[in-house]
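Residue strings, one per chain:
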Amino acid sequence: MKSALAGDAEAQFKVAVCYGCGYVVSQNSPKAALWYRRAAEGGSVGAQFYLALCYENGVGVLKDKFEAARWYHRAAEQGDMDAQFYLADCYETGSGISQSYAEAVRWYRLSAEQNHLLAQFRLGLCYRKGLGVSPNSVEAVRWYRQAAIDGLAEAQVALGRCYAEGLGVKQSYAGAVYWFQVAAQGGSAIAQFNLGYLIYKGLGVDANREKALYWLKKASAQGHEKAKEFLREIEHC
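Residues numbered from 1 in each chain as written. Predicted model: local features only at pLDDT ≥ 70, side-chain atom pairs only at ≥ 80, totals over all residues. Heavy atoms only, no water.

1. Side note on the nonpolar core
Logical step 1: If you look at the biggest cluster of nonpolar residues, it comprises 64 residues, and the most contacted ones within it are Tyr36, Tyr72, Tyr108, Leu123, Tyr144, Leu159 and Leu195.
Logical step 2: Examining the composition of this core, we find that seven residues originate from one element, helix H4 (residues 45–57), more than from any other.
Logical step 3: Not counting chain neighbours up to four residues away, the residues in contact with Tyr72 comprise Phe49, Ala52, Leu53, Glu56, Ala83, Tyr86, Leu87 and Cys90.
Logical step 4: Counting eight residues, the second largest nonpolar core, distinct from the first, contains Leu213, Ala227, Phe230 and Ile234. (Core = buried A, V, L, I, M, F, W, Y, C linked by side-chain atoms within 4.5 Å. Buried < 20%, exposed > 50% of the residue type's maximum accessible area, 1.4 Å probe, protein only. Helix = DSSP H or I, 4+ residues; strand = E, 2+ residues; numbered from the N terminus. Contact = heavy atoms within 4.5 Å.)

Written out as structure tokens, the structure is:
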């Protein structure tokens, strides 16, 4: 505490975390936000990011999307990959800042190059849809694959779809089955439905009604509407 009171930004950040988590001291969100601000103004990147989160979610302070974007920007400029991702999202949606797909892509890329999985996925989406960049399915697949290999379910599903449709990669139902299965085993309802459908149709894998029903029911149990509809269609077949 002495260092924090003396103006040490990183010490102030640690005090803020203690108040935020209730570690050593009683949990107190307003005090946490106060110390995050002191540390952030002193140059602590971590504090700048957490202060932005406080403003975005209204924790210890009133919600303020403009202040959130401002502090995300401060931390992002210092290389924080999480801040870069959140700032990119702000640019993509126009939250607290002028909407710009080009700026969103720029910040997603900076974050993605530091192996931020969601940034890699979002950058892939931008290339797929042509948001802020020219449409490029090959680049989309490249970024999907990086995130998929490291375990991001959304990227695994997206990559599976690319294989199924032949977008940016040679069409391969077997490739689609592989990535849908990886995501399905991780609990993705969309992947479970897609996998069950392909197995039922015998696309990329031998048709197997029992295995197909297993995955379709898993997806249905999670509320996936298409899985429910498809199960109703085939239950009497």
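Having put the structure on the table, let's press on.
2. Structural notes on unusual backbone geometry
Logical step 1: In this model, Asn115 sits at a positive phi of 70°, which is unusual for a non-glycine residue.
Logical step 2: Given a relative accessible area of 49%, Asn115 falls into the partly exposed group.

3. Remarks on the packing of aromatic side chains
Logical step 1: All chains considered together, the criterion is met by 15 aromatic pairs.
Logical step 2: Taking 6.1 Å as the distance between ring centres and 45° as the angle between the ring planes, the aromatic pair formed by Phe13 and Tyr36 counts as tilted. One end of the pair, Phe13, is in helix H2 (residues 9–21); the other, Tyr36, is in helix H3 (residues 29–41), with 23 residues separating them in the sequence.
Logical step 3: Overall, Tyr36 belongs to the buried group, its relative accessible area being 6%.
Logical step 4: Judged by centre distance (5.8 Å) and plane angle (45°), the ring pair of Phe85 and Tyr108 falls under tilted. On the criterion of sequence distance, the pair formed by Phe85 in helix H6 (residues 81–93) and Tyr108 in helix H7 (residues 101–112) is long-range, its members being 23 residues apart. (Phe/Tyr/Trp six-rings, centres within 6.5 Å; stacked < 30°, edge-to-face > 60°.)

4. Details of the pattern of salt bridges
Logical step 1: Applying the stated criterion across every chain, the model contains eight salt bridges.
Logical step 2: In this structure, Glu92 and Arg122 form a salt bridge, with 3.8 Å as the shortest nitrogen-oxygen distance. Of the two residues, Glu92 is situated in helix H6 and Arg122 in helix H8 (residues 117–129); the sequence distance between them amounts to 30 residues.
Logical step 3: In this structure, the salt-bridge partner of Glu103 is Arg106, at a minimum N-O distance of 3.2 Å. Of the two residues, Glu103 and Arg106 are both situated in helix H7; the distance of three residues between them amounts to about one turn of the helix.
Logical step 4: The exposure class of Arg106 is partly exposed, given its relative accessible area of 40%.
Logical step 5: Bridged by salt links that share partners, the residues Arg37, Glu41, Glu67 and Arg70 form one connected network. (Salt bridge = Lys/Arg side-chain N within 4 Å of Asp/Glu carboxyl O.)

5. Regarding helix H10 (residues 153–165)
An α-helical segment advances 3.6 residues per turn. Residues three or four places apart therefore align on the same side.
Logical step 1: Taking 1.5 Å per residue, 13 residues should reach 18 Å; H10 reaches 18 Å between its end C-alpha atoms and fits that length.
Logical step 2: Among the residues of H10, those classed as buried are Ala155, Gln156, Val157, Ala158, Leu159, Gly160, Cys162 and Tyr163.
Logical step 3: Those residues of H10 hidden inside the fold are in contact with H8, helix H9 (137–149), helix H11 (173–185) and helix H12 (189–201).
Logical step 4: Following H10 by one or two positions, Gly166 has its phi on the positive side, about 70°. (Expected span 1.5 Å × (residues − 1).)

6. Focus on the packing of H8 against H10
Logical step 1: Closest axis-to-axis distance for the H8/H10 pair is 9 Å, and the angle between their directions is 30°. As H8 packs across H10, the resulting crossing turns out to be left-handed. Only Glu154, Ala155, Ala158 and Glu165 of H10 make contact with H8, whose side of the interface consists of Leu118, Phe121 and Arg128.
Logical step 2: Looking at side-chain class alone, the contact of H8 with H10 contains four nonpolar, no polar and three charged residues. (Axes fitted to C-alpha atoms, helices over the stretch in contact; angles between N-to-C directions. Left-handed = near helix turned anticlockwise from the far one by under 90°. Nonpolar A, V, L, I, M, F, W, Y, C, P; charged D, E, K, R; others polar.)

The analysis is restricted to geometry; functional conclusions fall outside its scope.
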